[in-house]
Amino acid sequence: MQIAAYYFPNYHADKRNEEFHGPGWTEWELMKCAGVRFPGHRKPRQPLWGYEDEADPAVMAKKIDAAADAGIDAFIFDWYWYDGPYLERALNEGFLQAENRNRLKFALMFANHDWMDRHPVGYCKAAKSDLLYAWNNNPENIGKVWERIIEKYLTGEHYWYVDGKPYFSIYQVNRFIIQMGGVDGAARALDLLREKVRAAGLPGVHINAVWYDNLDNNPQYVCSTLEWGKTIGFDSYTSYNCIYATDVWNRSFPIVDYAVAGDEYCQMAARAMESLPKPYFPVLTAGWDTTPRTVQSDIFRQGCYPYLPVMEANPEEFARQLARQSELLKNRPEAEQLLFINAWNEWTEGSYLEPDTVSGYQYLEAIKKFRNI
C-alpha cells in the first residue's frame, strides 16, 4: 500500500499575496492571530518547528525526512493557475531543490477553484467573499496548462506514478466540465492531456477526479459523477477530505466528533468502492478547524465557509481510522491500494501531520507504527 499526503503551499511569500496583504505575508500570519473561538475550543495551534519558509530547501528537507521516516510515499501539491502559476515556489524552490528530494515522490492536484478573499473573512461577508483570482481556463487555453505541468513536473524523475503512469488529480470536476464546454469538451481536454503526455515520451497519465457521494444531489452539477469515469475518462476517484461528506456535519456545531465522522466516512468510502465505475481511493482527514480564517473579533457562529464546525482530532483515534481505512484496501489489486491523508500542512484548516506544540510527532508516529517502520 502507498500513502500520499496533500500539501497546501501557502507558507512562503508569493508576489500576488504580497500585493494584497503586504511584504512577506503567508498564512502563518493567520495562525499567529488565531485564538479560542468558543468554549472548549483547543487553542493555540503552534508549529513545533516554528513559522518556517517552505520555499527554503533546507526547511523542505526537514519535511521530506519526517514524511519519509514515517512511511509516507508522496506529497500531492495543490497546484494553482490563474492566468499563470501561483504558489509554485514551495515546490520549485523548496521540494525540487532539497538535497534529499529522492526520499519522497510528488504529484499535482489541479486546484481549479476561484481564489477568494478569506484570509481572514468576516461572518457577514463570508457568503459573498471578494474574488481575487478567477480560474478561467477554457478549451482554447487548457493546452498551455497541460504543457506547463508536463514540462516542469510530470517528466521529472521524482514524480509519483500510479499503476505505471504519472498521477494527476483535478479538484473541482464540475467546474472543469463547465469551463471545458460540457461533458464532451471535458473528455476532449483530457484526451489532449494524454496526447501531449505521450508526445513527451511518457507511458500515459493517470487522471484522478476528486469526488464525494453527495455531489449528485447538488442541482449545480451538470452530470452524474458516474459519467466522470464512463464518459469523460477519469481513471480513478478520491476525496480531498471527509468534510461535509456525511450527515454528521449537519447535526453538530460547533464540534464534530472525530470518531463518528471517520466511521461515517468509511461507510461512504466502502460504498464508493462498490458503486463507482473506476477505483476509489479513501482519504484520512487529520482534523478540521477553519477558525484561523475567520475574523477573530466576530462571534463564531455557524455559517458559510470558514464559519464551519470544528473537528478535533487525536492521535489515538487517528491511528484507529488509519487501520480501518487500510482494511478497505486490503483486498483490492496492488495498484489500487492507495490511501490519501489530508493533509501534511493545512494549518489554517486544522488538518495537518506536521508536529505542533501539543501533539508533537504523535500523528507521524502513528503512521510509522502502522507501516511497521
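Scroll up a little and you will see the structure.
Overview of the structure.

Definitions and limits used
Sequence order as written defines residue numbering, which begins from 1 separately in each chain. Given that the model is predicted, a residue must reach a pLDDT of at least 70 before its local features are reported, and side-chain atom pairs must reach 80 or more before they are shown or counted; all residues, however, enter totals for whole chains, interfaces and linings. Neither water nor hydrogens contribute to the side-chain values; these are computed over all heavy atoms in the structure. Throughout this description, the term salt bridge denotes a Lys or Arg side-chain nitrogen within 4 Å of a carboxyl oxygen of Asp or Glu. For helices the rule is a DSSP run of H or I covering at least 4 residues; for strands it is a run of E covering at least 2, with both sets numbered from the N terminus onward. A simple rule labels every residue: compare its accessible area, found with a 1.4 Å probe on the protein chains alone, to the largest value its type can have, and call it buried under 20%, exposed over 50%, or partly exposed in between. For every element, the axis is a line fit to its C-alpha atoms; helices are fit only across the contacting stretch, and the angle between N-to-C directions ranges from 0 to 180 degrees. Any angle between 65 and 115 degrees counts as roughly perpendicular, while under 35 counts as roughly parallel, over 145 as roughly antiparallel, and the rest as oblique. The contact rule is simple, with two residues in contact once any of their heavy atoms fall within 4.5 Å. When the centres of two rings from Phe, Tyr and Trp lie within 6.5 Å, Trp using its six-membered ring, the rings pair. Their planes under 30 degrees apart give stacked, over 60 give edge-to-face, and anything left gives tilted. Two conditions define a charge located above a ring, namely a distance within 6 Å from the ring centre to NZ of Lys or CZ of Arg, and an angle within 35 degrees of the ring normal. Expected span, for any helix, means 1.5 Å times one less than how many residues it has. Whenever a nitrogen or oxygen atom comes within 3.5 Å of another N or O atom, the pair is scored as a polar contact, on the condition that within protein one atom can donate a hydrogen and the other can accept it, and that pairs from neighbouring residues in sequence are kept only if both atoms are in side chains. As defined here, a cavity is a set of points on a 1 Å grid over the protein atoms alone where a 1.4 Å probe fits but cannot get out. A pocket is an open set with protein on both sides within 12 Å along at least five of seven lines, and residues line them when an atom is within 4 Å of a point. Grid points are joined across faces, edges and corners, and a volume is the space filled by probe spheres set on the points. Note that Gly is not counted as nonpolar here; it falls among the polar residues with everything else outside the nonpolar set of Ala, Val, Leu, Ile, Met, Phe, Trp, Tyr, Cys and Pro and the charged set of Asp, Glu, Lys and Arg. Strands were regarded as paired on the criterion that DSSP finds at least two bridges between them.

1. Some details on the pattern of salt bridges
Line of reasoning, step 1. For the structure on display, the rule yields 26 salt bridges.
Line of reasoning, step 2. For the salt bridge of lysine 63 with glutamate 354, the shortest nitrogen-to-oxygen distance reads 2.4 Å. Of the two residues, lysine 63 sits in helix α3 (residues 57–70) while glutamate 354 sits in the loop between β17 (351–352) and α12 (362–370), which places them 291 residues apart along the sequence. Per residue, the accessibility class of lysine 63 equals that of glutamate 354, and both read buried.
Line of reasoning, step 3. Between arginine 320 and aspartate 263 there is a salt bridge, and its shortest N-O distance comes to 2.9 Å. A residue pair is termed long-range when its members are at least 10 positions apart, and arginine 320 in helix α11 (residues 315–329) and aspartate 263 in helix α10 (residues 258–275) qualify at 57 residues.
Line of reasoning, step 4. Linked through salt bridges whose partners overlap, the residues forming this network are Lys43, Arg45, Asp289 and Glu312.

2. A closer look at the packing of α3 against α12
When two helices pack together, their arrangement is given by the angle between their axes and by how far apart the axes lie.
Line of reasoning, step 1. One can describe the packing of α3 onto α12 by two numbers: an axis separation of 7 Å at closest approach and a directional angle of 40°. One element, α3, and the other, α12, form an angle in the oblique class. Taking contact as the criterion, the partners of Ala66, Asp69 and Ala70 in α3 are, on α12, Leu364, Ile367 and Lys368.

3. Some points on the packing of aromatic side chains
Between two aromatic rings, the relevant description is the distance of the centres plus the angle of the planes.
Line of reasoning, step 1. Summed over the entire model, instances satisfying the criterion amount to 47 aromatic pairs.
Line of reasoning, step 2. Between tryptophan 28 and tryptophan 347, the aromatic rings sit 5.6 Å apart at their centres with planes inclined by 55°, giving tilted as the arrangement. Here tryptophan 347 lies in the loop between β16 (345–346) and β17 and tryptophan 28 lies in helix α2 (residues 28–33), a separation of 319 residues in the sequence.
Line of reasoning, step 3. Here tryptophan 28 falls in the buried class, since its relative accessible area comes to 5%.
Line of reasoning, step 4. Under the relative-accessibility criterion, tryptophan 347 is labelled buried at 0%.
Line of reasoning, step 5. Ring centres of tryptophan 211 and tyrosine 280 lie 5.4 Å apart, and the angle between their planes is 70°; on these two criteria the pair is classed as edge-to-face. Here tryptophan 211, found in the loop between β9 (206–210) and α8 (226–232), pairs with tyrosine 280, found in strand β12 (residues 280–281); they are 69 residues apart in sequence, far enough to count as distant. For the residue pair tryptophan 211 and tyrosine 280, the accessibility class agrees, reading buried in each case.
Line of reasoning, step 6. Taking NZ or CZ as reference, arginine 301 lies 3.7 Å from the ring centre of tyrosine 123, over its face.

4. As for α10
Line of reasoning, step 1. The end-to-end C-alpha distance of α10 is 26 Å, a good match for the 26 Å that 18 residues give at a rise of 1.5 Å each.
Line of reasoning, step 2. Regarding α10, the residues found buried are Tyr258, Ala261, Gly262, Glu264, Tyr265, Cys266, Met268, Ala269, Ala272 and Met273.
Line of reasoning, step 3. Its buried side turned inward, α10 meets α9 (248–251), β11 (255–257), β12, β13 (283–285), β14 (310–312) and α11.
Line of reasoning, step 4. Sitting at the amino-terminal end of α10 is aspartate 257, which places a side-chain oxygen 3.0 Å from the backbone nitrogen of alanine 259.

5. Quick word on the layout of surface pockets
Line of reasoning, step 1. Roughly 1400 Å³ of volume is contained in the largest pocket.
Line of reasoning, step 2. In terms of lining, the largest pocket is formed by 39 residues, of which the most central are His113, Arg118, Tyr171, Gln172 and Tyr305.
Line of reasoning, step 3. Of all elements in the fold, only β2 (74–81), β5 (115–116) and α6 (173–179) reach the threshold of two or more residues within the lining of the largest pocket.
Line of reasoning, step 4. For the lining of the largest pocket, the element with the highest residue contribution is α6, accounting for four residues.
Line of reasoning, step 5. In terms of residue class, the lining of the largest pocket is built from 24 nonpolar, eight polar and seven charged.

6. Examining the pairing of strand β1 (residues 2–7)
Line of reasoning, step 1. Among the six residues of β1, five are classified as buried, and the element is accordingly described as predominantly covered.
Line of reasoning, step 2. Where β1 and strand β15 (residues 338–342) come together, four bridges link them in parallel fashion. Within β15, the residue paired with isoleucine 3 across the bridge is leucine 339.
Line of reasoning, step 3. In this sheet, β2 lies alongside β1 in parallel orientation, the contact comprising four bridges.

7. A look at empty space enclosed by the protein
Line of reasoning, step 1. Overall, the coordinates contain three cavities of 30 Å³ or more when judged by the stated rule.
Line of reasoning, step 2. Put simply, the largest cavity is a space of about 50 Å³.
Line of reasoning, step 3. For the largest cavity, the full set of lining residues is Cys242, Tyr258, Ala261, Gly262, Tyr265, Val283, Leu284, Thr285, Met311, Gln321 and Gln325.
Line of reasoning, step 4. Elements supplying a minimum of two residues to the lining of the largest cavity: α10, β13 and α11.
Line of reasoning, step 5. Broken down by element, the residue count for the lining of the largest cavity peaks at four residues, all from α10.
Line of reasoning, step 6. Along the lines of polarity and charge, the residues of the lining of the largest cavity split into seven nonpolar, four polar and no charged.

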